[in-house]
Amino acid sequence: MSSQSKPLATTPPMGWNSWNMFGWNIHEDSVRQTADALASMGFRELGYEYIVIDDCWSRKSGRDSNGDLVPDPDKFPNGMKALADYVHNLGFKIGIYSDAADLTCGSHPGSYGFEDQDANLWASWGFDYLKYDYCNAPFDQESAIQRYTRMGDALRNTGRQFLFSLCEWGGRSPHLWGRKVGGQMWRVSGDVFDSWINIWIADWKTYGTGIDVSLEYAADLADYGGPGGWNDLDMLIVGLKGKGLIHGGGMSFLEYQTHMSMWCMACSPLMIGCDVRKMEKDTADLLTNREVLVINQDPLGKPAHRVKQFGSCEVWKKPLADGTLAVALINRGSSGSDILLKAGDIGLLDTPKLVRNLWAEQDIADFKADINLRVQPHETILLKVQA
Ligand code: GLA
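Residues numbered from 1 in each chain as written. Predicted model: local features only at pLDDT ≥ 70, side-chain atom pairs only at ≥ 80, totals over all residues. Heavy atoms only, no water.

Sorry, what's going on with unusual backbone geometry here?
Outside of glycine, negative phi angles account for most residues, and trans bonds account for most peptide bonds. Here the phi dihedral of Ala9 falls at roughly 55 degrees; this positive angle occurs in a residue that is not glycine. Examined against the element boundaries, Ala9 turns out to sit in the segment before strand S1 (14–17). Classification of Ala9 as buried rests on a relative accessible area of 11%. With a phi close to 50 degrees, Lys241 is a non-glycine residue in the positive phi region. Examined against the element boundaries, Lys241 turns out to sit in the loop between strand S9 (230–232) and helix H9 (253–265). On the basis of relative accessible area, Lys241 is assigned to the partly exposed category, the value being 27%. (Helix = DSSP H or I, 4+ residues; strand = E, 2+ residues; numbered from the N terminus. Buried < 20%, exposed > 50% of the residue type's maximum accessible area, 1.4 Å probe, protein only.)

Now the structure itself:
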């Protein structure tokens, strides 16, 4: 099978996206340095594959006289092909961004009416991925399906393989039609900000989605993600610590850990959002734990379901290809709590089982009927249970 026809996104896409950290201040130097840093820290081998340039990469004043998009010469003085070559040489793939209307969310030229021309241009530069946003486009579902279909067709007609990432924020139920328009992932919410709770972002005059609320989208849509098409809970905020353009005050270590745990349980794409050039150890620990990443990348590709809720505590279960289960014990409340996990909660009999705590990288117990674990406020304990 040629690399052209290799099926895309058989497991959730992984990589890095420029928006959460850099926003409109994107520059080719930061993209190159990011790719260098990820390569030297071994992230490629862990599965992080796509380096994605988000909004505001093109000349704001408009297309050239041929109708082509033009990279902003101050931000990308060497052009996009040179950058794509650089990123490819490090073993990564490269992504770009546009919007299904005249203007993007950041008011740069969008691709509506220029789908074929833009797709061919990105293909000529060697791009591998398109994130396609929906600002300034009609509200209704039919228009969205039509506009995403146009771009999906245009990408396919280039003859180059593109991963197609839909970003209409869930309002038009893209989990029902994302695959049909050629998409491999679809956002399920508005933008996740660097916050546990939903938060008013005064300087943006918008509400940001918090991690706690994202879990509800993951629970509601668990049946719709799977190999080739994934619910996208949005880019990771792990490691932003309040320093990103996408701000919101930051979260505690345990909150970032819950975020990472549940993006893995939900089979969400894992697109890093922080500045990886100065990654601190706690952030690296969250992004590089192999046993946790394996849960996200499990070939069965079944997003977790919430199986039990009591007070502010929850149990989620995700079946894995090897017949074992990943189980998350989450405390969404503000004080520590014991969670009693009963075998029946996760569909098992009272026979001996091996339990491994994935973040601690330790086998913690055998249990038959139940096991009791203390879970700190906003913490998630991630277990692998082998019956
Ligand atoms: C929207 C998207 C974000 C980001 C910005 C860029 O808000 O949801 O992920 O792409 O646009 O302007």
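Help me understand the site of the ligand, please; the structure alone is not making it clear to me.
Near the ligand you find 13 residues, and of these Asp54, Asp55, Lys131, Asp133 and Asp191 are the closest. At 2.6 Å, a side-chain N or O of Asp54 approaches an oxygen atom of the ligand. Contacts to the ligand include Asp133, whose side-chain N or O atom sits 2.9 Å from an oxygen atom. When the ligand is considered free in solution it has 310 Å² of accessible area, and contact with the protein chains removes 92% of it. In terms of residue class, the shell around the ligand is made up of six nonpolar, one polar and six charged. (Near = heavy atom within 4 Å. Polar contact = N/O pair within 3.5 Å; in protein donor to acceptor, adjacent residues only side chain to side chain. Areas by Shrake-Rupley, 256 points an atom, 1.4 Å probe, with all protein chains shown as cover. Nonpolar A, V, L, I, M, F, W, Y, C, P; charged D, E, K, R; others polar.)

Before we go on, may I ask you to explain the sheet that holds strand S11 (residues 305–310) in this structure?
Strand pairing in a sheet relies on backbone hydrogen bonds, with the paired strands running either antiparallel or parallel. What the six strands build is an open sheet, ordered S11-S12-S13-S18-S15-S16; its pairing is antiparallel. Edge positions in the sheet fall to S11 and strand S16 (362–367), since each of these pairs with one other strand and no more. Mean inter-strand twist for the sheet, computed between neighbouring axes without regard to direction, equals 25 degrees. The sheet contact formed by strand S15 (residues 353–357) and strand S18 (residues 380–386) spans four bridges and is antiparallel. In the strand pairing of S18, Asn357 is matched with Leu383. Strands S11, strand S12 (313–319) and strand S13 (325–331) of the sheet are contacted by helix H8 (residues 211–220), whose axis makes an angle of about 40 degrees with S12. (Pairing = 2+ DSSP bridges. Axes fitted to C-alpha atoms, helices over the stretch in contact; angles between N-to-C directions. Contact = heavy atoms within 4.5 Å.)

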